[in-house]
Structures are given as structure tokens and as C-alpha cells.
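Observations on chain architecture
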Amino acid sequence: MLRTLFIEEARTQLARNAAVTGACCLILLGFLGMWWLLTDVPALAGLMQVASMVVIIAIPVVVMVQVAVEYWQSMYGQRGYLTMAVPVRGRVHFAAKALYACVVVLVEGVICLGGLIAWFAVFAHSIDSTTSDVLRPVLWAIETAGAGKTTLFILLVLIGLFSLVIEVDAVMSIGGQGRFNHLGFGAPMIGLVLLYAVNQVLALIAVLFVPLSMDVTTGDFTSQMMWPQFLEALRTGAQPSVIGVGSVAIGPVLAGVLTWWAVRAIEQHTSLR
């Protein structure tokens, strides 16, 4: 049933997601083309440069907002009656929708990466250089880190993105409980603000107190806690030699807790508008 619901999510949303992505990409190409043509007009070229970067950042954001709105409408709007009429448990609905959202964020991430490469290509043209020269610092960093650390970094970024997607869906379902009916869509909006605050506080605690750090001189991971060096930095002004990386675990852990809460809310406390 999970497979069937996932396919239904794709059938319902894919065309709209693709239309928004395509429109954003056309706008991006327009700005990049104008930037390319206006290289000799610094003021206008600079404006096109900023505008194209804004569009690149906006592409995944706009599409993910679209997916989030679809989640709310299909679960707690008028279409929620049809969704809840499907004879499966709430956790299956949640899993199908969260899985689709994760696939979308992965695809949009690849598109965003392609947009960044195109941006650097035009930037290289604007300074009479080559794309490889402009990207040399990035390539050097990848070569220095090695395949293992680069792969680990990519995996951590993906895990962080997937965790965020699941957290947002979970908060929306938690806000869909009957006790929050009087707030309408304001309930999940308040929840998202609280989610951001909790994420920041927990990440700071994890960075300082979880015994997992990265040595800034060697780039190796250590079991040191950053807190003692943080206190020393406050006292003497010396730069810490290790940076805590325990915050990478906060996303998955918080996503797991919120998923449990969301499933419970869907299965026991859902109240349709």
C-alpha cells in the first residue's frame, strides 16, 4: 500500500512541481543570458548576477513550499476526508508523503547544483577566466579531503535535508490535532517557528557537549568535547583547535521523535477542517 500511495502522490503533484521548477529554470536562464550579454555593462551585469543567484536559491525553496502546502491540503483540508477514507493507518499516509517529499528535495538539490555550476560558468566568462579556474578552490578542497570525507559530507548534507523534510511534515500533522483547530493553518506555522528555535538550541548544545569534534588543523575526527576549548577561547581569546560536530545527529534524532508524535496525532487526534 505504501507503494500505491507514493505513486498517487507522484501522480498528483509531479506535474505541478515540474511546472514550477521549469518556470524557475526559464527565469534563471533569462537572467544568466542577460548577465552573459551585459558583461561590459558592470551595473546591469551585477544586477543580473544577484538576480540569478536569488533564483537558484529560490528553486528548491518554492517547490518544497508547494509540497508542504499540498501535504496540509491533502491531510487536513477538504481533500483530507478522501485521504482518511483510504483503509490504511496514518503512519502509511505519513510515510508515503514524507518519502515523496524527500525524493523531490533530492531532485531539486541536483537542479540547484546544476544552476550553481551554470552561474559559475557565466561568472568565469565575466572575468575572462574558465569555469575550472573559478571552481579550483572547491576542487582543491575535494581533492584534499579525499573521496571518503567528501562522500561522508554529501551523506550528512542529504541526511540533514531529509530530516528537515520529515520534521516539517511531522510538525504540520502535530498542528492538525483537534485541540489546535481554532488556530487553523496558524498552528503549523507556530510549530515551524518553534521547530527552528528547538533545532538551534539543540544544535548548539550538541556542538559544545557531544564528544565528537573535527580537528581544524588535520581535518580528522576526534572524541574531544568542544566545551573546554570554548571556555578557554572566551577567557583568553585563543582560537579552538577543534570544532564540535555533534549537531549532525540532532536532525535524525529530532525527526524520529517528531515522526512518532506525528503518527500518534494522525491516528488518534486528527480533526479535519
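The coordinates are above.
Residues numbered from 1 in each chain as written. Predicted model: local features only at pLDDT ≥ 70, side-chain atom pairs only at ≥ 80, totals over all residues. Heavy atoms only, no water.

Details of the packing of helix 7 (residues 186-209) against helix 9 (residues 250-269)
Look at helix 7 against helix 9: their axes get within 10 Å of each other, and the N-to-C directions meet at 135°. In terms of orientation, helix 7 lies oblique with respect to helix 9. For helix 7 against helix 9, the interelement crossing comes out right-handed. Residues Leu-195, Val-198, Asn-199, Leu-202, Ala-203 and Ala-206 of helix 7 pack against Ile-250, Leu-254 and Leu-258 of helix 9. Along the lines of polarity and charge, the residues of the contact of helix 7 with helix 9 split into eight nonpolar, one polar and no charged. (Axes fitted to C-alpha atoms, helices over the stretch in contact; angles between N-to-C directions. Helix = DSSP H or I, 4+ residues; strand = E, 2+ residues; numbered from the N terminus. Parallel < 35°, antiparallel > 145°, perpendicular 65-115°, else oblique. Left-handed = near helix turned anticlockwise from the far one by under 90°. Contact = heavy atoms within 4.5 Å. Nonpolar A, V, L, I, M, F, W, Y, C, P; charged D, E, K, R; others polar.)

Overview of the environment of Leu-37
Structurally, the position occupied by Leu-37 is in helix 1 (residues 2-37). Along the primary structure Leu-37 and Met-53 are separated by 16 residues, whereas in three dimensions their C-alpha atoms are 17 Å apart.

Quick notes on unusual backbone geometry
Outside of glycine, negative phi angles account for most residues, and trans bonds account for most peptide bonds. For Asp-128, which is not a glycine, the phi torsion comes out positive at approximately 55°. Take Asp-128: it is sitting in the loop between helix 4 (90-126) and helix 5 (131-134). When its relative accessible area of 75% is taken as the criterion, Asp-128 is described as exposed. (Buried < 20%, exposed > 50% of the residue type's maximum accessible area, 1.4 Å probe, protein only.)

Structural notes on the sheet that holds strand 3 (residues 242-244)
The antiparallel open sheet is built from three strands, whose spatial order is 2-1-3. At either margin of the open sheet sits one strand with a lone partner, and together these are strand 2 (221-222) and strand 3. Relative to strand 2, strand 1 (residues 213-215) runs antiparallel, the two sharing two bridges. Paired with Ser-213 across the strands is Thr-222, a residue of strand 2. (Pairing = 2+ DSSP bridges.)

Considering a nonpolar patch on the surface
The grouping of Leu-152, Leu-155, Leu-156, Ile-159, Val-210, Leu-212, Met-214, Phe-221 and Val-248 at the surface amounts to a nonpolar patch, some 670 Å² of accessible area in total. For the nonpolar patch, the leading source of residues is helix 6 (residues 136-174), giving four residues. Tracing the backbone through its elements, the reader meets Leu-212 in the loop between helix 7 and strand 1. (Patch = residues over 30% accessible without salt bridge, like charges linked within 9 Å, V, L, I, M, F, W, Y side chains within 5 Å. Areas by Shrake-Rupley, 256 points an atom, 1.4 Å probe, with all protein chains shown as cover. Salt bridge = Lys/Arg side-chain N within 4 Å of Asp/Glu carboxyl O.)

Notes on the layout of surface pockets
The computed volume of the largest pocket comes to approximately 840 Å³. As for the largest pocket, its lining consists of 24 residues, and the residues nearest its centre are Leu-113, Leu-116, Phe-153, Ile-154 and Val-157. Those elements that place two or more of their residues in the lining of the largest pocket are helix 4 and helix 6. Counting residues per element, the lining of the largest pocket draws most heavily on helix 6, at 12 residues. Considering only residue class, the lining of the largest pocket consists of 20 nonpolar, two polar and two charged. For the second largest pocket, the calculated volume is near 650 Å³. Taken together, 27 residues line the second largest pocket, and the ones lying closest to its centre are Phe-153, Leu-156, Val-157, Val-245 and Val-248. Looking at the lining of the second largest pocket, the elements that each hand over two or more residues are helix 6, helix 7, strand 1 and helix 9. Of the residues in the lining of the second largest pocket, the class split is 15 nonpolar, nine polar and three charged. (1 Å grid on protein atoms, 1.4 Å probe; cavity = no way out; pocket = protein on both sides within 12 Å on 5 of 7 lines; lining within 4 Å. Points joined across faces, edges and corners; volume = space filled by probe spheres on them.)

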